[in-house]
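# Chains, contacts and geometry: an overview
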Amino acid sequence: MQLDDLSGVLEPATGGEPAQSCWVIGPSGSGKTSTSRFLLEELHVDFGVPWVRVECVGASRWELLRDIAAEHPKVAQHNGMGTAQLLTKLDDADSDPFLIVLDEFDGLEVPEVLIDLDRIDNVSMICIGHDEAEAIASVPNSVDDLRNGPTVRFEPYTTKAMVKILQARADTGLQPGVVDDDQLERIADEVAGSARYGVQSLRSAVELGEERGHTSVTDEDVADSFEHAKARIREQLLASLSRQYHVVYRVIREAGEDGIRPADLLERYREQSDDPRGRQAVMKYRKKLKRYGLIDCEGDGSSRWHRWWAVDDTLKAPLREPVL
Ligand SMILES: Nc1ncnc2c1ncn2[C@@H]1O[C@H](COP(=O)(O)OP(=O)(O)OP(=O)(O)O)[C@@H](O)[C@H]1O
Ligand SMILES: [Mg+2]
């Protein structure tokens, strides 16, 4: 089981030895973030191992170092410090093992921070991502502990495991009888192993039932919950991304159903962004937006003639419109 695998990798930290840096890889909604959080909190409570979790999407080197320094047990003061000062503080902080979770690793735009973190004593990086080859390729050569680190692989939940997760949610969050076992099975069957999709579908079914004045969830509420849940998830995932992703998304959405070619996308993005990034970065944003099911493209999107469009044209980017 994935929890045991990750626990095995981090085990040395419980005895005061540094654990190997490692990868946590698996599809969206397979429980990577929640399982890692659960385990690290347990290590903290039971063995006093300090840890921090940072989200890489759109974060600058300074922001990442600041958030990490804030949780490092031997860095007493970090307020108002610049990147160089934070680095000195962290380099000088000799300490017992310290675990750093770099979540949403595919959104990391400053790989040099991995060199910074690699230099700090007794630090282990736990990098959470979707695509192993792509993630490893983005690590600077000198950080070979991480490049060669072990991988803990998360698989989509089985239908049986998903039923259990949904049952537990229903037991804690709902009055008895609001949803029946067949309905939970139906949801578990539909959501292809994604706990995020499963949990949201259950929530959506209940919400739709309430809106429709039902005292318990009907099969029709369940049938309609899936599209409702997908829309909610798209909204949450889009909100979790940073400003540059939002600008790229807005440009694609504004192109309408005909879609937009990469060259035009890049040009309009540059016009609209207050801090435009390069072509490679825009390709990366596009890839993540597609992985999140927010945009789609013709073919595999590899050609400069392939068009890109928003999956849900009613979903706006959470951006304030520019003041003209
Ligand atoms: N074993 C579980 N029991 C109960 N709920 C779970 C479990 N695993 C995941 N969930 C729920 O499913 C949702 C998605 O899980 P999580 O965020 O851990 O997925 P993830 O693999 O990190 O996805 P992503 O790659 O999109 O970040 C969370 O809201 C979480 O509460
Ligand atoms: Mg996650």
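Being a predicted model, the structure only gives us computed values, none of them experimental. (Residues numbered from 1 in each chain as written. Chains lettered and ligands numbered in written order. Predicted model: local features only at pLDDT ≥ 70, side-chain atom pairs only at ≥ 80, totals over all residues.)

### Some details on the site of ligand 1
Basically, it comes down to this: Note on definitions: a residue is near a molecule or strand provided its C-beta atom, placed from the backbone, lies within 6 Å of it. In DSSP terms, a helix is any run of H or I states spanning at least four residues, a strand is any run of E spanning at least two, and both are numbered starting from the N terminus. Here the nonpolar group is Ala, Val, Leu, Ile, Met, Phe, Trp, Tyr, Cys and Pro; Asp, Glu, Lys and Arg are the charged ones; every other residue, Gly included, is treated as polar. Domain start and stop positions are those given by an automatic or database domain assignment.
Neighbouring residues of ligand 1: Gly26, Ser28, Gly29, Ser30, Gly31, Lys32, Thr33, Ser34, Ile165, Ala195, Arg196 and Val199. For the shell around ligand 1, the secondary structure elements donating two or more residues are α2 (32–47) and α10 (195–211). Here the residues of the shell around ligand 1 are counted per class, giving three nonpolar, seven polar and two charged. No fewer than three residues from each of domain 1 (2–153) and domain 2 (159–238) sit in the shell around ligand 1.

### Concerning the sheet that holds strand β3 (residues 98–103)
Here is the rule we go by: Two strands qualify as a pair provided DSSP detects at least 2 bridges between them. Fitted lines through C-alpha atoms give the axes, limited to the stretch in contact for helices. The angle between two N-to-C directions lies from 0 to 180 degrees.
A sheet is described by the order of its strands in space; here five strands give the open sequence β2-β3-β4-β1-β5, paired in parallel fashion. Of all the strands in the sheet, the pair left with one neighbour each is β2 (51–55) and β5 (151–153). Mean inter-strand twist for the sheet, computed between neighbouring axes without regard to direction, equals 20°. Bridging between β2 and β3 involves five bridges; their strand directions are parallel. Note that in β3 the partner of Glu55 across the bridge is Asp103.

### A word on the UniProt feature "domain: Cdc6 AAA+ ATPase-type lid" (unreviewed entry) in the chain
Just so we agree on the cut-off: UniProt positions are given in the numbering used here, feature names are shortened, and annotations may be inferred rather than shown by experiment.
UniProt's entry tags residues 164–225 with the feature "domain: Cdc6 AAA+ ATPase-type lid" (unreviewed entry), counted in the numbering of this structure. Secondary structure over residues 164–225 splits into 71% helix and 0% strand, and the C-alpha atoms at its two ends are 19 Å apart.

### Side note on helix α5 (residues 112–119)
Applied cut-off: Three classes are used. A residue is buried when 20 or more other C-beta atoms lie within 10 Å of its own, exposed when 12 or fewer do, and partly exposed in between, with C-beta atoms placed from the backbone. What the arc covers is the set of directions going from the helix axis to the C-beta atoms. Throughout, a residue-residue contact means that the two C-beta atoms, derived from backbone geometry, are no farther apart than 7 Å.
Turning to α5, its buried residues number three or more, namely Val113, Leu114, Asp116 and Leu117. Buried residues of α5, seen end-on, are gathered within an arc of 155° and therefore sit on one face of the element. As for α5, its buried residues are in contact with α3 (61–71), α4 (83–92), β3, β4 (123–129) and α7 (144–147).

### So, the nonpolar core
Under the convention used in this document: Think of a nonpolar core as buried Ala, Val, Leu, Ile, Met, Phe, Trp, Tyr and Cys residues, each tied to the set through C-beta atoms within 7 Å.
In terms of nonpolar packing, the biggest core is built from 46 residues, with Val24, Leu99, Ile100, Leu102, Ile126 and Cys127 touching the most fellow members. Setting aside residues up to four positions removed in sequence, Leu99 forms contacts with Leu10, Ala13, Leu40, Val49, Trp51, Ser124 and Ile126.

### Some thoughts on unusual backbone geometry
Of note, Glu104 is a non-glycine position whose phi angle comes to about 55°, a positive value. Among the structural elements, Glu104 can be located in the loop between β3 and α5. Residue Glu104 is classed as buried on the basis of its 21 C-beta neighbours within 10 Å. A positive phi angle, near 60°, is found at Asn122, a position not held by glycine. Residue placement: Asn122 occurs in the loop between α5 and β4.

### Observations concerning the domain arrangement of the chain
Much of the literature gives interface size as the accessible area that the parts lose upon coming together. Looking at the assigned domains, one finds that the chain contains domain 1 (2–153), domain 2 (159–238) and domain 3 (241–310). Computed from C-alpha coordinates alone, the two centres of domain 2 and domain 3 are separated by 32 Å.

### Here we look at the packing of α10 against helix α11 (residues 219–240)
Selection criterion: Roughly parallel means an angle under 35 degrees; roughly antiparallel, over 145; roughly perpendicular, 65 to 115; everything else is oblique. Each crossing gets its handedness from the near helix: less than a right angle anticlockwise from the far helix is left-handed, clockwise is right-handed.
Their axes nearest at 7 Å, the elements α10 and α11 cross at an angle of 120°. Our classification of the angle between α10 and α11 gives oblique. Regarding α10 and α11, the two cross each other, and that crossing is right-handed. Of the residues in α11, those in contact with Arg196, Tyr197, Gln200, Ser201, Ser204, Ala205, Leu208 and Gly209 of α10 are Asp221, Val222, Asp224, Ser225, Phe226, His228, Ala229, Arg232 and Ile233.

### Topic: the packing of helix α1 (residues 2–14) against α2
Packing of α1 against α2 leaves a shortest axis separation of 11 Å and a crossing angle of 35°. Crossing geometry of α1 relative to α2 is assigned as right-handed. Contact residues: α1 offers Gln2, Leu3, Leu6, Ser7, Leu10, Ala13 and Thr14, while α2 offers Thr35, Ser36, Leu39, Leu43 and Phe47. Here the contact of α1 with α2 is built from residues that sort into seven nonpolar, five polar and no charged.

### Topic: the UniProt feature "domain: ORC1/DEAH AAA+ ATPase" (unreviewed entry) in the chain
Annotation from UniProt places "domain: ORC1/DEAH AAA+ ATPase" (unreviewed entry) at residues 19–134. Along residues 19–134, the helical share is 41% and the strand share 19%, with 23 Å between the first and last C-alpha atoms.

### A short note on the pairing of β4
Here is the rule we go by: Look down the strands so they point away from you; if the path from the first strand over the helix to the second goes clockwise, the crossover is right-handed.
Counting buried positions over the seven residues of β4 gives seven, a clear majority of the element. Judged by which residues are buried, β4 turns out to be covered on both faces: Val123, Met125, Cys127 and Gly129 on one side and Ser124, Ile126 and Ile128 on the other are all buried. Relative to β4, strand β1 (residues 22–25) is paired through four bridges, and the arrangement is parallel. Counterpart to Ile25 in the pairing with β4 is Gly129. Of the crossover connections in this fold, the one passing from β3 over α5 to the parallel β4 is right-handed.

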